[in-house]
Amino acid sequence: MKAIILVGGEGTRLRPLTYSVVKPMVPVANRPFIEHVICKLALHGIDEIVLAMGYKPDSIYAYFKDGEGLDVKLTYSLEEKPLGTAGAIKNASGHIKESVFVLNGDCFSDLDYSDMHRQHLRNKAKATIALTHVEDPTRFGVVETDASGRVLRFIEKPKWEDVTSHWINAGVYILEPDVLDYIPDNQFYMFENGVFPRLLENGAPFYAYHNRAYWIDMGTPEQYHRINSDLLLGNCSSPLHAARDLIISEGCEVHPSASLTGPVMLAEGCSVGAGARITGPAVIGRGCRIAGGAVIENSLLWEDITVAEDAIIINSIIASGAKINKGQRLQGQTINHKAPTT
Ligand code: GTP
């Protein structure tokens, strides 16, 4: 079966991190986020994946090419201008000859895609939407269903007094090819306020797949931090990551008096000086130099970062190439030296 992943958005909510890399390529446990998603789909027998791209596609293509080394064939569908979530799928219609998974490229979950597909077939559905349960649905697109799981209504970001369901759109759909008829050609068009309401108006068999598997939208720095921690802690799973207390890659030099309290991941070529203290969950990317006496707690450091003596970094995210000064203290910050200064 095929999947199309939407990776064309600008990722403005993930700034300042997306001044360095596009959202699908931000590192999660030292691999591009979207690689985790692709490998999870492959586990469920999805053997062909189309990346629907618009915004800055080059780095994605340069990394993945035709999917060599992955268990899937990768192809690309490019937009000249942003077409929105549904417009991007219409643009990729040449790839859609049978039922297809469509995924928002910023959602990560432990969803059982195979089971969702079985349910789609049982229901003879035109479209199936995965729903995830949240305590606070007021920030999300809430979906109401009947007892048989048929979708009744979408409510975008309801106020608390209007909350009638805690089930939200998880950004994973299965569509039959004729759903494309609901999407205009070469026009900006969205699923949430375009295709889905029209499916309901036409009485099409549109079903929900309720599930409580791990789910996260990694579109903000806080959520992006959380998915890294959750993967390290084993709260969610990826075929690219085996949760272990300490993962120390080749070429790392850790001084015997340094202390690492897991889960901590050190990518290739990192050094950790005398008396430095790293407390997990923490991911340290390739080539980082952490000087003696430095303290790092619950933080994500991308690549090639210098942390000078006695610096303290707590609950923070630091994009590649930064230099943290001697004794500098960062707490709860997201830092990218490539961000434009205003
Ligand atoms: P923000 O700018 O932070 O809102 O991020 P976004 O636009 O990347 O994300 P949003 O939540 O609006 O979109 C959900 C998913 O659809 C994300 O994975 C986006 O990459 C993707 N997406 C949004 N708009 C487009 C588009 O015009 N084309 C394509 N191909 N994908 C899109």
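**Comments concerning unusual backbone geometry**
Phi is mostly negative for residues that are not glycine, and the peptide bonds are mostly trans.
Now for step 1: Note that the residue after Arg15, namely Pro16, is joined by a cis bond; omega there is 5 degrees.
Now for step 2: Along the chain, the position of Pro16 falls in the loop between β1 (2-6) and β2 (27-28).
Now for step 3: Note that the residue after Gly280, namely Pro281, is joined by a cis bond; omega there is 0 degrees.
Now for step 4: By the element assignment, Pro281 lies in the loop between β19 (277-279) and β20 (282-284).

**A look at the domain arrangement of the chain**
Now for step 1: Assigned domains within the chain: domain 1 (2-233) and domain 2 (246-335).
Now for step 2: Computed over C-alpha atoms only, the centres of domain 1 and domain 2 are separated by 33 Å.
Now for step 3: With 15 residues of domain 1 at the contact, the number on the domain 2 side is 17 residues.
Now for step 4: Counting each side, the surface lost to burial between domain 1 and domain 2 is near 1300 Å², with a carbon and sulfur contribution of 76%.
Now for step 5: The three residues of domain 1 that bury the most area against domain 2 are Asn30, His225 and Leu232, which together make up 45% of that side's buried surface.

**Things to note about a nonpolar patch on the surface**
Now for step 1: A grouping of Leu246, Ile248 and Val254 is seen on the molecular surface, where their side chains present a nonpolar patch of about 210 Å² in accessible area.
Now for step 2: Examined against the element boundaries, Ile248 turns out to sit in strand β14 (residues 246-248).

**A short note on the pairing of strand β4 (residues 48-53)**
Now for step 1: Counting buried positions along β4 yields six of six residues, so the element is predominantly enclosed.
Now for step 2: Where burial is concerned, the two faces of β4 agree: the one with Glu48, Val50 and Ala52 and the one with Ile49, Leu51 and Met53 are both buried.
Now for step 3: The pairing of β1 with β4 spans five bridges and is parallel. Its bridge partner being in β4, Leu6 is matched across the sheet by Ala52.
Now for step 4: Two strands pair when backbone bridges link them, and β4 and strand β5 (residues 73-78) are joined in this way by six bridges, in the parallel orientation. Across the sheet, Glu48 pairs through a bridge with Lys73, a residue of β5.

**Re the nonpolar core**
Now for step 1: Ile5, Ile49 and Tyr224 are the most contacted members of the largest nonpolar core, which totals 83 residues.
Now for step 2: Here this core gets six residues from one element, more than from any other, and that element is helix α1 (residues 33-43).
Now for step 3: Here this core spans two domains, and each of domain 1 (2-233) and domain 2 (246-335) adds at least three residues to it.
Now for step 4: Excluding its chain neighbours within four sequence positions, the residues that come into contact with Tyr224 are Leu14, Leu17, Val26, Pro27, Val28, Met218, Leu300, Trp302 and Ile317.
Now for step 5: Within the second largest apolar cluster, 31 residues are counted, among which are Val100, Leu131, Tyr189 and Val195.

**Section: the layout of surface pockets**
Now for step 1: Space inside the largest pocket adds up to approximately 1200 Å³.
Now for step 2: In this structure, the largest pocket is lined by 43 residues; those nearest its centre are Arg13, Thr85, Asn104, Asp106 and Met190.
Now for step 3: Looking at the lining of the largest pocket, the elements with two or more residues in it are α3 (84-91), β10 (151-156), β11 (167-175) and β13 (215-217).
Now for step 4: The dominant element in the lining of the largest pocket, judged by the number of residues it contributes, is β11, at five residues.
Now for step 5: Taken together, the residues that form the lining of the largest pocket break down as 17 nonpolar, 14 polar and twelve charged.

**Some points on helix α5 (residues 191-201)**
Now for step 1: Here α5 has its buried residues at Phe191, Gly194, Val195, Phe196 and Leu199. For α5, the arc enclosing every buried residue in end-on projection is 155 degrees, short of the 170-degree limit, so these residues lie on one face. The exposed residues of α5 that point more than 90 degrees off its buried face are Asn193 and Glu201.
Now for step 2: Considering only its buried residues, α5 is in contact with α3, β6 (100-104), β8 (127-133), β10, β11 and β12 (206-211).
Now for step 3: Positive phi appears at Gly203, one or two residues downstream of α5, with a value of about 65 degrees.

**Some details on empty space enclosed by the protein**
Now for step 1: According to the stated counting rule, one finds two cavities of 30 Å³ or more in the structure shown.
Now for step 2: Taken as a whole, the largest cavity encloses approximately 50 Å³ of empty space.
Now for step 3: Every residue lining the largest cavity is listed: Pro27, Val28, Ala29, Asn30, Tyr224, Asn228, Val283, Leu300, Leu301 and Trp302.
Now for step 4: Only β2, α6 (221-233) and β23 (300-301) provide two or more residues apiece to the lining of the largest cavity.
Now for step 5: For the lining of the largest cavity, the domains that each give at least three residues are domain 1 (2-233) and domain 2 (246-335).

**Overview of the packing of aromatic side chains**
Working definition: an aromatic ring pair is given by the centre-to-centre distance plus the angle between the planes.
Now for step 1: One pass over the full model with this rule turns up 13 aromatic pairs.
Now for step 2: Here the aromatic rings of Phe101 and Tyr113 are separated by 5.6 Å at their centres, their planes lie at 85 degrees, and the arrangement is edge-to-face. Residue Phe101 is located in strand β6, and its partner Tyr113 is located in helix α4 (residues 113-122); the two are separated by twelve residues in the primary sequence.
Now for step 3: Here Phe101 falls in the buried class, since its relative accessible area comes to 1%.
Now for step 4: Judged by relative accessible area, which is 4%, Tyr113 ranks as buried.
Now for step 5: Aromatic pair Tyr173 and Phe191: ring centres 5.2 Å apart, planes at 50 degrees, arrangement tilted. Taken together, the positions of Tyr173 in strand β11 and Phe191 in helix α5 put the pair 18 residues apart, joining distant regions of the chain. The exposure classification of Tyr173 matches that of Phe191, with both residues buried.
Now for step 6: Within the aromatic cluster, the residues linked to one another by ring pairs are Phe154, Tyr173, Phe191, Phe196 and Phe206.

Criteria and thresholds
- Residues numbered from 1 in each chain as written.
- Predicted model: local features only at pLDDT ≥ 70, side-chain atom pairs only at ≥ 80, totals over all residues.
- Heavy atoms only, no water.
- Helix = DSSP H or I, 4+ residues; strand = E, 2+ residues; numbered from the N terminus.
- Domains from an automatic or database assignment.
- Contact = heavy atoms within 4.5 Å.
- Buried area = accessible area lost by both parts, 1.4 Å probe.
- Patch = residues over 30% accessible without salt bridge, like charges linked within 9 Å, V, L, I, M, F, W, Y side chains within 5 Å.
- Areas by Shrake-Rupley, 256 points an atom, 1.4 Å probe, with all protein chains shown as cover.
- Salt bridge = Lys/Arg side-chain N within 4 Å of Asp/Glu carboxyl O.
- Buried < 20%, exposed > 50% of the residue type's maximum accessible area, 1.4 Å probe, protein only.
- Pairing = 2+ DSSP bridges.
- Core = buried A, V, L, I, M, F, W, Y, C linked by side-chain atoms within 4.5 Å.
- 1 Å grid on protein atoms, 1.4 Å probe; cavity = no way out; pocket = protein on both sides within 12 Å on 5 of 7 lines; lining within 4 Å.
- Points joined across faces, edges and corners; volume = space filled by probe spheres on them.
- Nonpolar A, V, L, I, M, F, W, Y, C, P; charged D, E, K, R; others polar.
- Arc of directions from axis to C-beta.
- Phe/Tyr/Trp six-rings, centres within 6.5 Å; stacked < 30°, edge-to-face > 60°.

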